[in-house]
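Chains, contacts and geometry: an overview
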Protein chains: 4
Amino acid sequence: MSSSTTQRRRGDTRQRIQDVALELFVEQGYEKTSLREIAERLEVTKAALYYHFKTKEDIIVSVFEDLTRPIDELIAWAEAQPPTLETKREVLRRYSESMGAGASLFRFMQENQATMRELTIGETMKDWMSQLVELLRTQDGPLTDQVRCVSALFTLHAGMMYLQHVDGDPEETRLAALEVATDLITQAHHAA
Amino acid sequence: MSSSTTQRRRGDTRQRIQDVALELFVEQGYEKTSLREIAERLEVTKAALYYHFKTKEDIIVSVFEDLTRPIDELIAWAEAQPPTLETKREVLRRYSESMGAGASLFRFMQENQATMRELTIGETMKDWMSQLVELLRTQDGPLTDQVRCVSALFTLHAGMMYLQHVDGDPEETRLAALEVATDLITQAHHAA
Amino acid sequence: MSSSTTQRRRGDTRQRIQDVALELFVEQGYEKTSLREIAERLEVTKAALYYHFKTKEDIIVSVFEDLTRPIDELIAWAEAQPPTLETKREVLRRYSESMGAGASLFRFMQENQATMRELTIGETMKDWMSQLVELLRTQDGPLTDQVRCVSALFTLHAGMMYLQHVDGDPEETRLAALEVATDLITQAHHAA
Amino acid sequence: MSSSTTQRRRGDTRQRIQDVALELFVEQGYEKTSLREIAERLEVTKAALYYHFKTKEDIIVSVFEDLTRPIDELIAWAEAQPPTLETKREVLRRYSESMGAGASLFRFMQENQATMRELTIGETMKDWMSQLVELLRTQDGPLTDQVRCVSALFTLHAGMMYLQHVDGDPEETRLAALEVATDLITQAHHAA
DNA sequence: GATGAATGAGAGTTCATTCAT
DNA sequence: AATGAATGAACTCTCATTCAT
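Looking at the interface of chain B and chain A
In many reports, interface size means the accessible area that the parts give up when they come together. Of the residues lining the interface, 37 residues belong to chain B; the matching set on chain A comes to 37 residues. Summed over both sides, the interface of chain B with chain A buries roughly 3500 Å², with 61% coming from carbon and sulfur. When residues of chain B are sorted by the area they lose upon contact with chain A, Leu143, Phe154 and Tyr162 of chain B head the list and together hold 16% of the total. Where chain B packs against chain A, one counts six salt bridges. Arginine 117 of chain B serves as the salt-bridge partner of glutamate 111 of chain A, at 2.4 Å between the closest nitrogen and oxygen. Inspection of the chain B/chain A interface yields 16 residue pairs in polar contact (both at pLDDT 80 or more). Only α2 (13–28), α8 (103–111), α9 (113–118), α11 (143–161) and α12 (170–191) of chain B provide two or more residues apiece to the side of chain B that touches chain A. Split into classes, the residues belonging to the side of chain B that touches chain A amount to 14 nonpolar, 10 polar and 13 charged.

What follows is the structure, encoded as structure tokens:
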């Protein structure tokens, strides 16, 4: 009995809401996903969502808080390191890994930037994009090298979003993207 | 009298709707922009919008049709050329230029991908992304080189979106991005 | 040239509006038919309709005026006759004939009574129904006979509306309905 | 306190919507009745209607489902009987009775046929009209007799709709109509 | 004899949110 | 921990109608 679906669901409703919400947000975008839809898919009422979360925005904020912790930690760690090339490589390596884990969250971010901007988390996200760029870029180097640093970041994103279905193995693709990104950052570093 | 605001506006309402709509869509996203808002900013009624466009989607579709023509032409041209490195460089050069012109449209596309996917134009857009990648990528080369081609495209986008406010002169930034992109494609080409 | 479609249409726009309007009103009902639809089918603008008719209601009123004249005349004629059985038979005969001619109008009336009631013509129509009943019914006869008179009228209607597609020849059906109606009225008459 | 208006209304809102809706639909027709009107008369918001019914059409469908059950049962019963004259008489008798009960629904049907046709229930209704005719009519008899069967049905309708205000007692009128209808069917039966 | 452009009113519908139970 | 019932605000869209040209 304790393993019946109903039983297993006891107590983890909050988690299930987050899961289903992210799923739908990724599928359809934030605004086009209604609380009714989320509730229906969970077979609970809308009011139940409000027991667990104060607002719709709260749901997505909570998902972000859980899934972006690795990035926050990465940034914190990197800021404590000396700005060597090796550090930068490690940043890319770990960032790429995080993306593998929270892939759908990243996809959501990528595809819903307009929405994010209005949400409080928008700032958060923009913040770490800037911080990451700051960590990677060769200060005071030529403009092209600064572009390379940003491009390295975007290459990782592109690797996740646009190359996944093109080729076979997702992991292989991720590694290829990481290699290209590392390459870019290395070029930028040597030029300086 | 013939130069009064009302007079000057005669006959260009359709154009003005497109302009204001794009402006707001870029600012706030497609779904968060209501027809009421557009109408109010134009000082006409909602019904007037419906005189000129059949639906809300129609408005954005028409804006796209006007502003993406350069890209369509670019693709058509490139497909008729031999797939040399020089052709590829020219593609990037012209693509970068188009983005300078229709900058806000590109920003809209970038930031509203989730929305676009549901819209009919979503397909169109995805189509030309694929076609561009196809034109640029070194067929049958190593995976990393394929990544480089996609990355080149994304570098141009990144140059437009994320580096504009960072540095001073937008045009200079655009050119730097173009240089990096060209670099990437050249590497990919030589390796093959 | 004078026989080109455009040429032939000159001057009979008013008539064409009436035709198309009736056609659509019958097909879809009065409220569900919009002036846009009528205009589109005629390949003119809505404003053109307003050149010929003051309001939407005006269109249908004008159609009625044209097509119900035979009925008005029938009533006028009947009122001048002695109320013999033969007169009554003649009334049914001519009413049945009118229905054959203005069939679609009758169908419209039958199917849009709720609408008619709000329209000014609603009264008109109700009026002649009462007048016809008055002409047919055997005053002061038993209730059943009064029912028979109304029923005779309805039989004609039923013959037009519900039996048309059931059997082959519409004309044959009409005549059968007329026969039954005449029968009913005869019974009612003899009883008195 | 527990008998205050607000209290009493708890839980029967759905029913109240159906009642008020039918009332207004009968009064004004389906299309001319807006949800705003229904809501206002109930002193709730439009949104409350949508809590109980998915669409406007849904409201009327639900009313139909409730009120046409007697007819469905009548048809089912009749189909199980031998097609004797006595059965047919019983069908008319019970049909006439049903009409007394759901009188307003019948009036609505009669006066909004154009609307019904577009609604899903239109088919339902047409179906039972055909089934009733099928049950009553003397197969392979002369055309006039078939007309008589349909006419019998219409006589009942006419008795309800057009004779109610003419004479005093509605019940008396209904019985008179039933008598005439039975007469018609008997004639048709004997001829065969 | 007709059009192009617009309006005001209102339709049906959906949303995030609330609150007593 | 969750529901049933409801709200208010907003939405996209359609309609009959007007009027200068």
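Thoughts on the nonpolar core
Membership of the largest hydrophobic core comes to 122 residues, with the highest contact counts inside it found for Ile60 and Tyr95 of chain A together with Ile60 and Tyr95 of chain B. Those residues in contact with tyrosine 95 of chain A that lie beyond four places of it in its chain are Ile71, Leu74, Phe106, Trp128, Met129, Leu132, Leu153, Leu156 and His157 of chain A. Counting residues in hydrophobic clusters, the runner-up holds 121 residues, among them Ala39 of chain C together with Ile59, Leu92 and Leu184 of chain D.

Observations concerning the relation of the copies chain B and chain A
If you rotate chain B by 180 degrees and push it 0.0 Å along the axis, it lands on chain A with an RMSD of 0.1 Å. Taken together, the rotation and translation relating the two chain copies correspond to the operation of a two-fold axis.

Points about the protein's contact with DNA strand F
Contacts to DNA strand F come from 32 residues, most closely from Thr45, Tyr51 and His52 of chain A, Tyr50 of chain B together with His52 of chain D. Within 4 Å of the protein, the atoms of DNA strand F are drawn from sugar and phosphate moieties in a proportion of 66%. In this structure, lysine 56 of chain C approaches DNA strand F through a side-chain N or O atom, which is 2.8 Å from a phosphate oxygen. Only α4 (46–52) of chain A, α3 (35–42) and α4 (46–52) of chain B, α3 (35–42) and α4 (46–52) of chain C together with α4 (46–52) of chain D provide two or more residues apiece to the surface near DNA strand F. Residue contributions to the surface near DNA strand F peak at five residues, all from α4 of chain A. Across the surface near DNA strand F, the residue classes tally to 13 nonpolar, 12 polar and seven charged.

Quick look at helix α6 (residues 69–80) of chain B
Residues and elements named next belong to chain B. Its 12 residues place the ends of α6 17 Å apart at the C-alpha level, agreeing with the 16 Å of an ideal helix rising 1.5 Å per residue. Within α6 the residues assigned to the buried category are Ile71, Leu74, Ile75 and Ala78. Looking straight down α6, one finds its buried side chains confined to an arc of 95 degrees; they lie on one side. More than 90 degrees from the buried face of α6, the exposed residues found are Glu73 and Ala80. Contact partners of the buried residues in α6: α7 (85–101), α8 and α10 (120–136).

Some details on the relation of the copies chain D and chain C
Expressed as a screw operation, the relation of chain D to chain C combines 0.1 Å of axial shift with a rotation of 180 degrees, fitting to an RMSD of 0.1 Å. The overlap is high: 100% of the interface residues of chain D also sit at the interface in chain C, so the same surface is used on both sides.

Examining the domain arrangement of chain A
All names here are of chain A. Considered domain by domain, chain A is made up of domain 1 (1–54) and domain 2 (55–191). Taking only C-alpha atoms into account, the centre of domain 1 sits 29 Å from that of domain 2. Taken together, the 15 residues of domain 1 in the interface contact 18 residues of domain 2. Of the roughly 1500 Å² buried between domain 1 and domain 2 on both sides combined, carbon and sulfur atoms contribute 68%. Among the residues of domain 1 in contact with domain 2, Leu22, Val26 and Tyr30 are the three that bury the most area, contributing 43% of the side total. For the interface between domain 1 and domain 2, the tally reads zero salt bridges. Joining domain 1 to domain 2, the criterion identifies six residue pairs in polar contact (both at pLDDT 80 or more). A total of seven residues in the side of domain 1 that touches domain 2 trace back to one element, the largest contributor, which is helix α2 (residues 13–28). Considering only residue class, the side of domain 1 that touches domain 2 consists of nine nonpolar, three polar and three charged.

Remarks on the packing of aromatic side chains
Applying the stated rule across the entire model yields 19 aromatic pairs over all chains. Ring centres of phenylalanine 25 of chain B and phenylalanine 108 of chain B lie 6.1 Å apart, and the angle between their planes is 35 degrees; on these two criteria the pair is classed as tilted. Here the residue phenylalanine 25 of chain B occupies a position in helix α2, and phenylalanine 108 of chain B occupies one in helix α8, the gap between them amounting to 83 residues. There is no split in this pair, since phenylalanine 25 of chain B and phenylalanine 108 of chain B are both buried. The cationic tip of lysine 56 of chain C hangs over the ring face of tyrosine 30 of chain C; the distance from NZ or CZ to the ring centre is 4.4 Å. The ring of tryptophan 77 of chain D has arginine 94 of chain D lying over it, and the distance from NZ or CZ to the ring centre is 4.7 Å.

Things to note about the interface of chain D and chain C
In this assembly, 37 residues from chain D lie in contact with 37 residues from chain C. Summed over both partners, the interface of chain D with chain C comes to about 3500 Å²; 61% of that surface belongs to carbon and sulfur atoms. For the chain D face of the interface with chain C, the top three residues by lost area are Leu143, Phe154 and Tyr162 of chain D, together amounting to 16%. Put simply, chain D and chain C have six salt bridges between them. When the shortest N-O distance is used, the salt bridge between glutamate 118 of chain D and lysine 32 of chain C registers 3.7 Å.

Procedures and definitions
Residues numbered from 1 in each chain as written. Chains lettered and ligands numbered in written order. Predicted model: local features only at pLDDT ≥ 70, side-chain atom pairs only at ≥ 80, totals over all residues. Heavy atoms only, no water. Contact = heavy atoms within 4.5 Å. Buried area = accessible area lost by both parts, 1.4 Å probe. Salt bridge = Lys/Arg side-chain N within 4 Å of Asp/Glu carboxyl O. Polar contact = N/O pair within 3.5 Å; in protein donor to acceptor, adjacent residues only side chain to side chain. Helix = DSSP H or I, 4+ residues; strand = E, 2+ residues; numbered from the N terminus. Nonpolar A, V, L, I, M, F, W, Y, C, P; charged D, E, K, R; others polar. Core = buried A, V, L, I, M, F, W, Y, C linked by side-chain atoms within 4.5 Å. Buried < 20%, exposed > 50% of the residue type's maximum accessible area, 1.4 Å probe, protein only. Least-squares fit on C-alpha atoms with pLDDT ≥ 70 in both. Near = heavy atom within 4 Å. Expected span 1.5 Å × (residues − 1). Arc of directions from axis to C-beta. Domains from an automatic or database assignment. Phe/Tyr/Trp six-rings, centres within 6.5 Å; stacked < 30°, edge-to-face > 60°. Lys NZ or Arg CZ within 6 Å of the ring centre and 35° of its normal.

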